[in-house]
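Chain by chain, the residues run as shown.
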Amino acid sequence: MRNQQSRTEDSRYWNPATGDIDDNAFDGIDGVVNLAGAGIGDRRWSERRKREMRISRVDATELLVEAMGAASSPPAVLVAGSAVGFYGDRGDEVLDEQSGPGTGFLAGLSAEWEAAAVEAESAGIRVALARTGLVVADNAPFLTRILPLFKLGLGGPLGRGQQWWPWISLQDEVRALVFLLESDFAGPANLCAPNPVTNREFTRALASVLRRPAALAVPRFGPRLLVGRELADELLFSSTRAHPAALADAGFEFRHPDLLPTLKEIL
């Protein structure tokens, strides 16, 4: 936690912006899950915002890893947040955990984020890297932004809609994180459903559940004007066909492998 005023006996204080963390932060702690990070798509990517995103991910992870390594009895495992943005824009290429990093701001940020977490291995800590896709839930920020448009029949594919959008239900996201925490898994894991969809397929599924048309394509210049060129290109128009090979090999079973029934369940 980062708010000293709301501290309780069982809470720990840390602030990556200032490098502060409780001396006893990891006393009695068996494992750590760190998903902290400033929002990626909630505002334009100014240079200041990029610094905030990096501090909240890379610097925060470095602080945790340093404190974990210095603890008298370090936690056994660190499940560290990352993103499928690690792979960058790769078209139709099928990407598993053996695929290398891509290019662009998000790919570079994800690679730095992961590198900071892996340093915990030098203290004998097992590290699992959770490369998360688009989390689908009724209160997911991206859904709450686009639902009003779709309900009005104004939704549509972004550009040609051929870009791959790796996704995962919130329930499977939580289950996968617990799986990484409790198993002996180490290394990167793509947290995304085994059946990815293109943006066009996502649009059709959402429109079908809402029983609204979604035939109007959104030209690329619109989102670029609204949120900025770099953010639009890397978040909305980037294509990442990620596959959860590592989770499948480790025996994890998804409860929501297909998008349409998942959307029907949550909306």
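Residues numbered from 1 in each chain as written. Predicted model: local features only at pLDDT ≥ 70, side-chain atom pairs only at ≥ 80, totals over all residues. Heavy atoms only, no water.

Novice: Looking at this model, I keep getting lost on the layout of surface pockets. Mind explaining?
Specialist: Over the atoms, a rolled probe matching the size of one water molecule traces out where space is still vacant. Computed from the structure, the second largest pocket encloses a volume of approximately 210 Å³. For the second largest pocket, the lining is made up of 13 residues, of which Arg12, Trp14, Phe26, Val32 and Leu64 are closest to its centre. Looking at the lining of the second largest pocket residue by residue, the class counts come to 10 nonpolar, 2 polar and 1 charged. (1 Å grid on protein atoms, 1.4 Å probe; cavity = no way out; pocket = protein on both sides within 12 Å on 5 of 7 lines; lining within 4 Å. Points joined across faces, edges and corners; volume = space filled by probe spheres on them. Nonpolar A, V, L, I, M, F, W, Y, C, P; charged D, E, K, R; others polar.)

Novice: Where do I start with helix α7 (residues 229–236) in this structure?
Specialist: Note on helix geometry: an α-helix contains 3.6 residues per turn, so any two residues three or four positions apart are oriented the same way. For α7, the set of buried residues is Leu231, Ala232, Asp233 and Glu234. In this fold, the buried residues of α7 make contact with α2 (105–118) and α6 (221–227). (Buried < 20%, exposed > 50% of the residue type's maximum accessible area, 1.4 Å probe, protein only. Helix = DSSP H or I, 4+ residues; strand = E, 2+ residues; numbered from the N terminus. Contact = heavy atoms within 4.5 Å.)

Novice: Can you help me understand unusual backbone geometry in this one?
Specialist: Leaving glycine aside, a negative phi is the common case for residues, and trans is the common case for peptide bonds. Within the chain, Arg211 stands out as a residue other than glycine whose phi angle is a positive 55°. Along the chain, Arg211 falls in the loop between α5 (199–210) and α6. Judged by its relative accessible area of 75%, Arg211 falls in the exposed class.

Novice: Sorry if this is basic, but what is going on with the packing of aromatic side chains here?
Specialist: A complete count under the given rule lists 6 aromatic pairs for this structure. Judged by centre distance (5.9 Å) and plane angle (50°), the rings of Phe142 and Phe202 are tilted. In this pair, Phe142 sits in helix α3 (residues 141–151) while Phe202 sits in helix α5, placing the two residues 60 residues apart along the sequence. Its relative accessible area of 2% is what places Phe202 among the buried residues. Arranged with centres 5.5 Å apart and planes meeting at 65°, the rings of Phe179 and Phe252 form a pair that is edge-to-face. Here the residue Phe179 occupies a position in helix α4 (residues 170–182), and Phe252 occupies one in the loop between α8 (245–250) and α9 (259–266), the gap between them amounting to 73 residues. Within the aromatic cluster, the residues linked to one another by ring pairs are Phe142, Trp165 and Phe202. One Lys or Arg, Arg57, reaches over the ring of Trp113 and ends 5.1 Å from the middle of that ring. One residue, Arg131, lies across the ring of Phe86, its end atom 3.7 Å from the ring centre. (Phe/Tyr/Trp six-rings, centres within 6.5 Å; stacked < 30°, edge-to-face > 60°. Lys NZ or Arg CZ within 6 Å of the ring centre and 35° of its normal.)

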